[in-house]
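Chain residues, written in single-letter form:
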Amino acid sequence: MSRTLQLGLGLLLTGLAGYVDALGFVRLGGLYTSFMSGNTTQLAVFGAAAELHRMVLPATLLFAFLFGSVLGSGLAILVPPRWTTPVVLAYESLLILGGLGLGLESPELGLAAFFVAVAMGSQNAVLSQVTGFRAGTTFVTGALFSLGQKIAQALTRTGDPLGWIGDGLVWLSLLLGAYLGAHAYALFALYALIAPAALSGGLALLTALVVLRAGPPAAKVPAP
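Summary of the structure given here. Along every chain, residues carry numbers that run from 1 in the direction the sequence is written. Note on the predicted model: pLDDT of at least 70 is required for a residue's local features to be given, and 80 or more for side-chain atom pairs to be given and counted; whole-chain, interface and lining totals, by contrast, use all residues. Note that the side-chain values use all heavy atoms of the structure and ignore hydrogens as well as water.

1. Some words on the pattern of salt bridges
For this document, the term salt bridge refers to a Lys or Arg side-chain nitrogen within 4 Å of an Asp or Glu carboxyl oxygen. For the structure on display, the rule yields 2 salt bridges. Put simply, Arg-54 and Glu-51 hold a salt bridge, and the shortest N to O gap is 3.5 Å. Note that Lys-150 is salt-bridged to Asp-167, the shortest N-O span being 3.0 Å. Here Asp-167 lies in helix α7 (residues 165–188) and Lys-150 lies in helix α6 (residues 140–155), a separation of 17 residues in the sequence. The way it works is that DSSP assigns letters per residue, a run of H or I at least four long becomes a helix, a run of E at least two long becomes a strand, and they are numbered from the N terminus.

What follows is the structure, encoded as structure tokens:
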């Protein structure tokens, strides 16, 4: 997969994470489906206030994200490296669709949020393949710091004058995704999950076609 395609994929998936995070934030009243730093803080605040019943949901979301990270990383380890992206993205799409179906059937159980958090944990196994680029569901704070750092380098002429653009695009993709997610939830409620499921499924198909067009990996020539 070319570097340009990798970076474009990273930006789209960061936007997808912002989309479902905003959707989850609105639906769950201030909790997240991909921003686990926020959920960890909420868990601690509820614990300090001895509101044990309110600790259940953030703890569940944290577990779901961790569980998804294990599953996604396990898939990335078990499948051939060039198939990691399409396989994990297809798996993510199925998780989101499963969350939508179960959430519509039993909305009071919060199953949609659980499955989406698992999907977001899994998604990081794809984004970890985009080396040297801060594109991720949980790394946007780092991207924002890196943006400021690279702007400072550009202003002082100690770094690439355009080096800040990549980190700026990461932040903007999350912002745009979150805006679209909040707007979609206001219009379609849980059915708004169809969009990220379709996007991850479409990207799985696209990246699978790229792998197939590239052909089998070249055989290693044994050293004489």
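Moving on from the coordinates now.
2. Quick look at the environment of Arg-82
Residue placement: Arg-82 occurs in the loop between α3 (52–78) and α4 (84–105). Taking the C-alpha atoms as reference, Arg-82 lies 9.5 Å from Pro-216; in sequence the two are 134 residues apart. N or O atoms within 3.5 Å of each other form a polar contact, as long as, within protein, one can give a hydrogen and the other can take it, and as long as residues adjacent in sequence are counted only when both atoms are side-chain atoms. Within the structure, the side chain of Arg-82 is placed 3.4 Å from the backbone oxygen of Val-211, a separation counted as a polar contact.

3. Concerning the packing of helix α1 (residues 3–28) against helix α8 (residues 194–214)
Direction vectors running N to C along α1 and α8 enclose 165°, while the axes themselves pass 10 Å from each other. Relative to α8, α1 is oriented roughly antiparallel. Regarding α1 and α8, the two cross each other, and that crossing is left-handed. In contact with Leu-5, Leu-9, Leu-12, Leu-13, Leu-16, Tyr-19 and Val-20 of α1, α8 contributes Ala-195, Pro-196, Leu-199, Ser-200, Leu-203, Thr-207 and Val-210. Side-chain classes are defined by residue name, with Ala, Val, Leu, Ile, Met, Phe, Trp, Tyr, Cys and Pro counting as nonpolar, Asp, Glu, Lys and Arg as charged, and the others, Gly among them, as polar. Of the residues that constitute the contact of α1 with α8, the class distribution is 12 nonpolar, 2 polar and no charged. Axis angles are defined between N-to-C directions and span 0 to 180 degrees, where every axis is a line fitted to C-alpha atoms and, for a helix, only to the segment in contact. Each angle receives one of four descriptions, namely roughly parallel if under 35 degrees, roughly antiparallel if over 145, roughly perpendicular if within 65 to 115, and oblique otherwise. Should the near helix be turned anticlockwise from the far one by less than a right angle, the crossing is termed left-handed; should it be turned clockwise, right-handed. The contact rule is simple, with two residues in contact once any of their heavy atoms fall within 4.5 Å.

4. What about the packing of aromatic side chains?
Pairs were defined over the aromatic rings of Phe, Tyr and Trp, the Trp ring being its six-membered one, requiring ring centres within 6.5 Å. Orientation was assigned from the angle between planes: stacked under 30 degrees, edge-to-face over 60, tilted for the rest. Applying the stated rule across the entire model yields 4 aromatic pairs. With a centroid separation of 5.0 Å and an interplanar angle of 90°, the aromatic rings of Tyr-32 and Phe-35 are classed as edge-to-face. According to the relative accessible area criterion, Phe-35 is partly exposed, its value standing at 29%. Ring geometry for Phe-63 versus Phe-67: centroids 5.9 Å apart, planes at 5°, classification stacked. Of this pair, Phe-63 and Phe-67 both sit in helix α3, 4 residues apart, which is roughly one turn of the helix. Between buried and exposed lies partly exposed: a residue is buried under 20% and exposed over 50% of the maximum accessible area for its type, with that area taken using a 1.4 Å probe on protein chains only. For Phe-67, a relative accessible area of 37% corresponds to the partly exposed category.

5. Here's the deal with the nonpolar core
Counting 36 residues, the largest nonpolar core has Leu-13, Val-20, Leu-89, Met-120 and Leu-193 as the members making the most contacts within it. Of all elements in the fold, only α1, α3, α4, α5 (111–127), α7 and α8 reach the threshold of two or more residues within this core. Element by element, the count of residues in this core is highest for α5, at 9 residues. Not counting chain neighbours up to four residues away, the residues in contact with Leu-193 comprise Val-20, Leu-23, Ile-96, Leu-100, Ala-112 and Val-116. Buried Ala, Val, Leu, Ile, Met, Phe, Trp, Tyr and Cys residues form a nonpolar core when they are joined through side-chain atoms within 4.5 Å.

6. A look at α1
One fewer than the residue count of a helix, multiplied by 1.5 Å, yields its expected span. Taking 1.5 Å as the rise per residue, α1 with 26 residues should run 38 Å; its terminal C-alpha atoms sit 37 Å apart, in good agreement. At the C-terminal side of α1, Gly-29 shows a positive phi close to 70°.

7. Examining a nonpolar patch on the surface
Judged by side-chain polarity, Leu-144, Ile-151, Leu-155, Leu-162, Trp-164, Ile-165, Leu-169, Trp-171, Leu-172 and Leu-175 come together as a nonpolar surface patch covering roughly 930 Å² of accessible area. Where the nonpolar patch is concerned, the elements lending two or more residues are α6 and α7. Inspection of the secondary structure puts Leu-144 in helix α6. Residue class for Leu-144 comes out partly exposed when judged on its relative accessible area of 44%. For patches, a residue must show more than 30% relative accessible area and have no salt bridge; joins then use 9 Å for like charges and 5 Å for nonpolar side chains, namely Val, Leu, Ile, Met, Phe, Trp and Tyr. Only the protein chains shown count as covering a residue, and every accessible area follows the Shrake-Rupley method with a 1.4 Å probe.

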